[in-house]
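Notes for the structure review
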Amino acid sequence: MGYIILRALKRQKKKNVLLLIQFFVGFLAMFLAIAMVQNIWRYRQQIQHLVPERAIQMANYEEDGQTGEDKQVQAYEKVVQKLEKEKEIERILLFENIILQLDEQEEVEGLEMHLNTLQTTQFLLTKGSTKELCEYKGGSVIPILVTQAMESAHPYGSEFTAREETSKDPKAVKHYRVVGVISEKMKFWSGNMIPASDGLKDGGEEWFVTPETKACKSPAAFGSNLIFVPKAGQEQQAETKLQQAYEEQGITAEPFSVKKQIEEYYNGQKTFIFVLIFFAVILLFLSVLGCIGTILASIMQRKEEFGIYVSMGFTKRKLARLILGELGCLFAAAFILAVAVCGLVLTGMDLNTGLRMNGQMVGMEACIMLVCVGVSAVMPVRRVGMLQPIELMEGRR
């Protein structure tokens, strides 16, 4: 049967190549659309590991100058102190970007997180836990979480010394102990970004997390890395309280909820996703119609061939299986080609977009392919079933 199917495909090579190209382009467009939809879903899920969707970032777009930094920090501290007393605010999160100089040639960026931030974040760890970070009250050895990209140089349980570049004391060297390894599947704040959800760090990159070792004195951290978690159902009241508190200190800032940040991320890709899906659906629909027409025409042209098969003992069921086999080979070839090309495309884009090939995507696309095969096969199989033995015998003569 396999040899017969391959011979039949080879005889109609031109028509089959055209159909192959059409289905390949359709499957490829659908793959890319599914990848983008999955990326948005994964982005939302990753944000939810960091903060609840109701969380609010106060976006301060004004650039802080180098002068008067102490006064700026004092103003932010007064805002925080006032809001800690408000009933609508459940939790205040703050983290600060820091750089560790590991040696003369190597430095790595990371985040120093305050206790509330550590307790709110759902870390994905391959080893260890965040317990020591949450319990850190000061001491000569600072617990630290490193990503899997850093694990080879700083394995779980090891200790090392490094100088904090952002420290006011350029000679100060700190002692760290690795108490956990962050999974490469986890995304994290890059810090100093508005909105905060822009430019999430990937677990495959080199970065780290330490607990708060000192009071934050960075206006940039207060301006970009300060996030408020209101109580459920109190979002509107919390936004009003936040704006009032900021205005009282002369700080110009706008509330920017995490939910709104996710919506803006989706809206930025929505049009392209819809265009891709529309293009893929139309192309696959037209390809299926063309495939049905081609197969039906070939059945009428292949009566002599079918007559020979009948004389060899083929039943109508076997002839239907022959048609299904030809369709299956055609669709499978287009599908495999689309998987290979999409995998290469997404691999090249992964560093910047987060798009990637995965088993779920292939499974969804395989279901779409099977639907196309089923729809394309209905009419040709029925036509084969309607062929009368006399037609086939006449075709053989």
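Residues numbered from 1 in each chain as written. Predicted model: local features only at pLDDT ≥ 70, side-chain atom pairs only at ≥ 80, totals over all residues. Heavy atoms only, no water.

1. Points about the overall build of the protein chain
Operational definition: Only DSSP runs of H or I reaching four residues or more are called helices, and only runs of E reaching two or more are called strands; each is numbered from the N terminus. The globule rule used for comparison is 2.2 Å times the number of residues to the exponent 0.38, while the radius of gyration itself is calculated over C-alpha atoms. Whether a residue is buried, partly exposed or exposed follows from its accessible area with a 1.4 Å probe, protein chains only, as a fraction of its type maximum: under 20%, in between, or over 50%, in that order. For every accessible area listed, the method is Shrake-Rupley and the probe measures 1.4 Å; residues are considered covered only by the protein chains on display. Positive residues here are Lys and Arg, negative ones are Asp and Glu, while His and the chain termini are left out of the count. Lys charges are placed at NZ, Arg charges at CZ, Asp charges at CG and Glu charges at CD.
Per the secondary structure count, the protein chain includes 13 helices and twelve strands. Its C-alpha atoms give the protein chain a radius of gyration of 31 Å, clearly above 21 Å, the size a compact globule of 397 residues would have. Referenced to the eigenvectors of the C-alpha coordinate spread, the extents of the protein chain come out at roughly 100 × 45 × 30 Å. Taking all 397 residues of the protein chain together, 46% fall into the buried category. Counting every atom, the protein chain has about 20500 Å² of accessible surface; 56% of that belongs to carbon and sulfur. With 44 positive and 45 negative side-chain charges, the protein chain shows a separation of 16 Å between the mean positions of the two kinds.

2. What about helix 8 (residues 235-248)?
Note that an α-helix has 3.6 residues per turn; residues three or four places apart therefore point the same way. Worth spelling out the cut-off: Between the first and last residue of a helix there are one fewer steps than residues, each counted as 1.5 Å, and that sum is the expected span. Along the arc lie the directions from the helix axis toward the C-beta atoms. Contact criterion: two residues are considered in contact whenever any of their non-hydrogen atoms come within 4.5 Å of each other.
Taking 1.5 Å of rise per residue, the 14 residues of helix 8 would be expected to cover 20 Å, and the 20 Å separating its terminal C-alpha atoms lies within 8% of that figure. Taken together, the buried positions of helix 8 are A238, L242, A245 and Y246. Looking straight down helix 8, one finds its buried side chains confined to an arc of 95°; they lie on one side. Residues of helix 8 that are exposed and point over 90 degrees away from its buried face: Q236, E247 and E248. Residues of helix 8 that are buried in the fold lie against strand 1 (56-59), helix 3 (69-83), strand 2 (89-101) and strand 11 (226-230).

3. Quick word on the pattern of salt bridges
Put simply, the test is: Think of a salt bridge as a Lys or Arg side-chain nitrogen and an Asp or Glu carboxyl oxygen that are within 4 Å of each other.
Taken as a whole, this structure holds seven salt bridges when the rule is applied. For E90, the salt bridge goes to R54, with nearest N and O atoms at 3.3 Å. Pair noted here: E90 is in strand 2 and R54 is in the loop between helix 2 (13-50) and strand 1, with a separation of 36 residues, a long-range link. Note that E132 and R177 form a salt bridge whose closest N and O atoms lie 2.6 Å from each other.

4. Details of the pairing of strand 5 (residues 141-147)
Short version of the rule: Two strands are said to pair when DSSP picks up at least two bridges between them.
Burial analysis of strand 5 places six of its seven residues in the buried class, the great majority of the element. Relative to strand 7 (residues 173-182), strand 5 runs parallel, the two being bridged by seven bridges. Following the sheet pairing, P143 is matched in strand 7 by R177.

5. A few points about the nonpolar core
Worth spelling out the cut-off: Residue types Ala, Val, Leu, Ile, Met, Phe, Trp, Tyr and Cys, when buried and joined through side-chain atoms within 4.5 Å, form a set referred to as a nonpolar core.
Counting 44 residues, the largest nonpolar core has F23, F27, C291, F306 and F331 as its most contacted members. When residues of this core are traced back to their parent elements, those giving at least two are helix 2, helix 9 (258-301), helix 10 (303-311), helix 11 (316-353) and helix 12 (359-386). Once residues within four sequence positions are removed from consideration, F331 is found in contact with F23, F27, C291, M369, C372, V373 and S376. Membership of the second largest hydrophobic core comes to 26 residues, among which are L93, F95, I182 and W189.

6. What about the packing of aromatic side chains?
The following threshold applies: The rule is short: rings of Phe, Tyr and Trp, with Trp giving its six-membered ring, pair when the centres are within 6.5 Å, and they are stacked under 30 degrees, edge-to-face over 60, tilted in between.
Counting across every chain of the model gives twelve aromatic pairs. Measuring from centroid to centroid gives 3.8 Å for Y43 and Y265, while their planes differ by 10°, and the two rings are stacked. Separated by 222 residues along the polypeptide, Y43 in helix 2 and Y265 in helix 9 bring together distant segments of the chain. Given the relative accessible area of 6%, Y43 is considered buried. Y265 gets classed as partly exposed once you look at its relative accessible area, which sits at 23%. Measuring from ring centre to ring centre gives 6.3 Å for Y76 and Y246, while their planes differ by 75°; the resulting arrangement is edge-to-face. Highlighted residues: Y76 in helix 3 and Y246 in helix 8, separated in sequence by 170 residues. Taking relative accessible area as the criterion, Y76 reaches 2% and is therefore assigned buried. Judged by its relative accessible area of 1%, Y246 is buried. One aromatic cluster is present, formed by F23, F27, F31, F331 and F335 through successive ring pairs.

7. So, the packing of helix 9 against helix 12
For clarity, the threshold we go by: In this analysis an axis means a line fitted to C-alpha atoms, helices contributing only their contacting stretch, and an angle means the value between N-to-C directions, from 0 to 180 degrees. Orientation is classified from the angle alone, with under 35 degrees giving roughly parallel, over 145 giving roughly antiparallel, 65 to 115 giving roughly perpendicular, and any other angle giving oblique. Helix crossings fall into two classes, left-handed where the near helix is turned counterclockwise from the far one by less than a right angle and right-handed where it is turned clockwise. Only Asp, Glu, Lys and Arg are considered charged, only Ala, Val, Leu, Ile, Met, Phe, Trp, Tyr, Cys and Pro nonpolar, and every remaining residue, Gly among them, polar.
It is the contact of helix 9 with helix 12, at a shortest axis distance of 9 Å, that shows an interaxial angle of 30°. By the angle between their axes, helix 9 is roughly parallel relative to helix 12. Considering the relative orientation of helix 9 and helix 12, their crossing is right-handed. Contacts from L284, V288, C291, I292, I295, L296, I299 and M300 of helix 9 reach helix 12 at I368, C372, V375, S376, M379, P380, R383 and V384. A per-class count over the contact of helix 9 with helix 12 returns 14 nonpolar, one polar and one charged.

8. Thoughts on a nonpolar patch on the surface
The line we're drawing: Like charges within 9 Å and nonpolar side chains (Val, Leu, Ile, Met, Phe, Trp, Tyr) within 5 Å are joined into patches, using only residues over 30% in relative accessible area that form no salt bridge.
Taken together, F278, I282, F285, L286 and L289 make up a surface patch of nonpolar side chains, about 520 Å² in accessible area. Mapped onto the secondary structure, F278 falls in helix 9.

9. Looking at unusual backbone geometry
Cis rather than trans, the peptide bond between I194 and P195 has omega equal to 0°. Despite not being glycine, N192 has its phi angle at roughly 55°, a positive value. Residue position: N192 is located in the loop between strand 8 (187-188) and strand 9 (201-202). Classification of N192 as partly exposed rests on a relative accessible area of 39%.

10. Here we look at the confidence of the model for the protein chain
Stated precisely, the cut-off is as follows: Scored between 0 and 100, pLDDT is the confidence that the predictor attaches to each residue.
Across the protein chain, pLDDT averages 83, with 91% of residues at or above 70. At the level of individual helices and strands, the protein chain shows its lowest average pLDDT in helix 13 (residues 389-396), which scores 58, and its highest in strand 5, which scores 94.

11. Looking at the environment of Q81
Among the structural elements, Q81 can be located in helix 3. A relative accessible area of 48% means that Q81 is categorised as partly exposed. The spatial distance from the C-alpha of Q81 to the C-alpha of A245 is 9.8 Å, given a sequence separation of 164 residues.

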